[in-house]
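Chain residues, written in single-letter form:
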Amino acid sequence: MATVAKPTTPTRQIGAPPMVPRIAPREDLNPFRIAQIQFDMAAEFLKLDPGLRQILRTPKRVLEVSLPTKMDNGQVKVFTGYRVQHNVSRGPGKGGIRYHPNVTLDEVKALAAWMTWKTATVNVPFGGAKGGVICDPKRMSKSELERMTRRYASEILPIIGPSMDIPAPDVYTDAQTMAWIMDTYAMTIGHSAHGVVTGKPISIGGSEGRNEATARGLLYVVEEACKLKKISLRGATVAIQGFGNAGATAARLFAEKKAKIVALSDTRGGVTNSRGIDPIKAIRYKERSGTVVGMPGASRLSNDELLTMKCDILVPAALENVITLHNAEAVKARIVAEAANGPTTPHADEILARRGITVLPDILANAGGVTVSYFEWVQNQEGLMWDVDEVNARLQKIIVRAFHEMVDTMRKHHVPPRAGAMILAVGRVAEATLVRGLFP
Ligand code: NAD
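Conventions we followed
Residues numbered from 1 in each chain as written. Predicted model: local features only at pLDDT ≥ 70, side-chain atom pairs only at ≥ 80, totals over all residues. Heavy atoms only, no water. Core = buried A, V, L, I, M, F, W, Y, C linked by side-chain atoms within 4.5 Å. Buried < 20%, exposed > 50% of the residue type's maximum accessible area, 1.4 Å probe, protein only. Domains from an automatic or database assignment. Contact = heavy atoms within 4.5 Å. Helix = DSSP H or I, 4+ residues; strand = E, 2+ residues; numbered from the N terminus. Pairing = 2+ DSSP bridges. Axes fitted to C-alpha atoms, helices over the stretch in contact; angles between N-to-C directions. Parallel < 35°, antiparallel > 145°, perpendicular 65-115°, else oblique. Left-handed = near helix turned anticlockwise from the far one by under 90°. Nonpolar A, V, L, I, M, F, W, Y, C, P; charged D, E, K, R; others polar.

This part takes up the nonpolar core. The biggest cluster of nonpolar side chains holds 86 residues, and the ones touching the most others in it are W117, F254, I313 and V315. Taken domain by domain, the makeup of this core includes at least three residues from each of domain 1 (59-204) and domain 2 (213-365). Discounting chain neighbours no more than four positions away, the residues touching F254 are L218, L219, V222, L233, V238, A259, I261 and V315.

Backbone torsion omega between F439 and P440 reads 0°, so that peptide bond is classified as cis. Within the secondary structure layout, P440 lies in the segment after α14 (417-436). Positioned with a positive phi, H414 is a non-glycine residue whose angle comes to about 55°. Assignment of secondary structure puts H414 in the loop between α13 (388-413) and α14.

In this fold, N392 is placed in helix α13. We classify N392 as buried; its relative accessible area is 13%. Ignoring any residue separated from it by four or fewer positions in sequence, one finds N392 in contact with E212, R216 and Y220.

Glancing now at the sheet that holds strand β3 (residues 93-100). On the basis of which strands lie adjacent, the open sheet formed by five strands has the order β1-β2-β4-β3-β5 and mixed pairing. A strand with exactly one partner marks an edge of an open sheet, and here the two such strands are β1 (61-70) and β5 (165-169). Ignoring which end each strand starts from, the neighbouring axes of this sheet average 25° apart. Examined bridge by bridge, β3 and strand β4 (residues 128-134) share four bridges and lie parallel to one another. In the strand pairing of β4, I97 is matched with G131. Strands in contact with helix α4 (residues 142-156) are β1, β2 (76-87), β3 and β4; relative to β1, the strand with the most contacts, it is inclined by about 145°.

A few words now on the packing of helix α12 (residues 368-382) against α13. Two measures define how a pair of helices packs: the angle their axes make with one another and the distance between the axes. In the contact formed by α12 and α13, the axes pass within 10 Å of each other and the chain directions differ by 125°. Considered as vectors, α12 and α13 are oriented oblique to each other. As for the relative orientation of α12 and α13, their crossing is right-handed in sense. Mapping the contact onto sequence places G368, T371, V372 and F375 in α12 and V391, R394, L395, I398 and I399 in α13. Here the contact of α12 with α13 is built from residues that sort into six nonpolar, two polar and one charged.

The following block contains the structure:
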């Protein structure tokens with residue numbers, strides 16, 4: 001587990017060294033070290049050989065690229081980007097691309113590792129990868145974003161491709177970003193290659209249902225968990241942090257199931273109404289004003305307050321490390337459904353488990369996105385076009401099966417859901433790695 005610094009004692013003996021100010025217990029919030037802690041726990045249960053552990057706890061390949069980009073004012077700005085392939089034993093690398101000022105290599109390495117475990121949890125034939133660019137997309141024009149994206153695509157081009165590594169959208173990237181990457185790739189290799197990215201616009205080979213797949217998968221996982229915990233989703237209260245692709249769609253889908261959305265938030269803060277917030281109105285308000293804050297019929301609350309408010313289902317759908325040692329004791333939800341990647345730290349996991357709060361782990365709860373990305377890739381390879389009902393039915397089958405495989409693993413090893421999913425996933429990747437053998 002990550003080390004926790006003990007608080008220093010406030011009493012000072014005569015002649016003793018000067019008193020050190022009292023410091024709050026601290027926890028290691030480096031996402032890659034957190035991903036390794038989660039892996040080590042699963043490796044221990046599976047009694048993996050030390051050599052195999054070393055292979056699986058480090059990324060296979062890390063690429064750092066410089067992206068000189070002409071800005072609208074004529075000046076050149078150089079951005080830094082990454083693409084990390086964590087493991088490709090079970091299939092080509094798969095994972096989104098994040099644009100955010102706080103992107104770090106360790107964050108991208110963690111996200112790539114979580115992709116390996118996620119594709120294995122839902123048992124789709126992909127490995128794990130992730131990309132990121134350190135930039136502030138909210139302060140860039142569309143043409144600046146296009147130029148930066150095309151340069152990024154060109155720089156990572158040697159290691160991506162439909163049978164090598166297939167990017168998709170993540171925080172602050174979308175279908176348009178994927179279209180630019182696909183076009184840059186196709187223009188460079190000289191022929192079309194739709195399967196190089198997923199999450200594309202439907203007009204260029206995107207899949208029906210991909211846009212809402214992450215949230216729809218989350219809904220299916222929550223529905224199964226509610227059945228086990230004997231919670232009725234109808235009338236259940238839901239608080240959602242983050243109001244982008246994952247969070248806003250989740251709000252809409254939960255409301256369609258007659259759950260009550262009692263709080264929503266984005267970077268600027270949150271809003272709450274115990275009688276329920278209409279997600280469609282919130283989406284329209286955010287489209288107009290850029291935030292949910294200030295929408296009529298709801299009062300203000302902070303992101304911190306949202307995480308600890310009374311509700312049945314808490315959905316973190318923004319970034320990592322929001323439920324930590326410092327607020328886990330105060331969380332009042334009955335279920336935490338992780339739409340975001342890495343929102344709960346290992347210390348918080350322990351606290352929530354002790355308090356009987358079910359954490360539906362990211363590598364299953366948000367795996368709907370990669371599952372429909374897999375469908376998109378299959379349709380591209382085969383020249384097929386499935387309708388949305390077919391996509392959703394196939395998604396539900398895969399997610400529900402994975403949920404019950406996780407529950408079986410939890411029962412076998414007497415562990416909470418994240419450990420169950422990790423044991424399942426690491427076991428699958430370990431088996432693939434062993435059966436392939438070591439090259440050369
Ligand atoms: P997005 O860019 O569409 O939306 C992100 C949202 O989070 C925005 O509403 C933004 O305002 C909010 N946000 C950002 N920082 C915040 C903060 N500090 N506090 C509160 N809100 C904040 O991104 P997305 O695609 O919805 O991704 C959200 C999370 O879901 C990420 O962790 C991502 O890795 C994960 N995820 C996304 C997908 C997908 O298919 N898009 C799939 C799996 C997992």
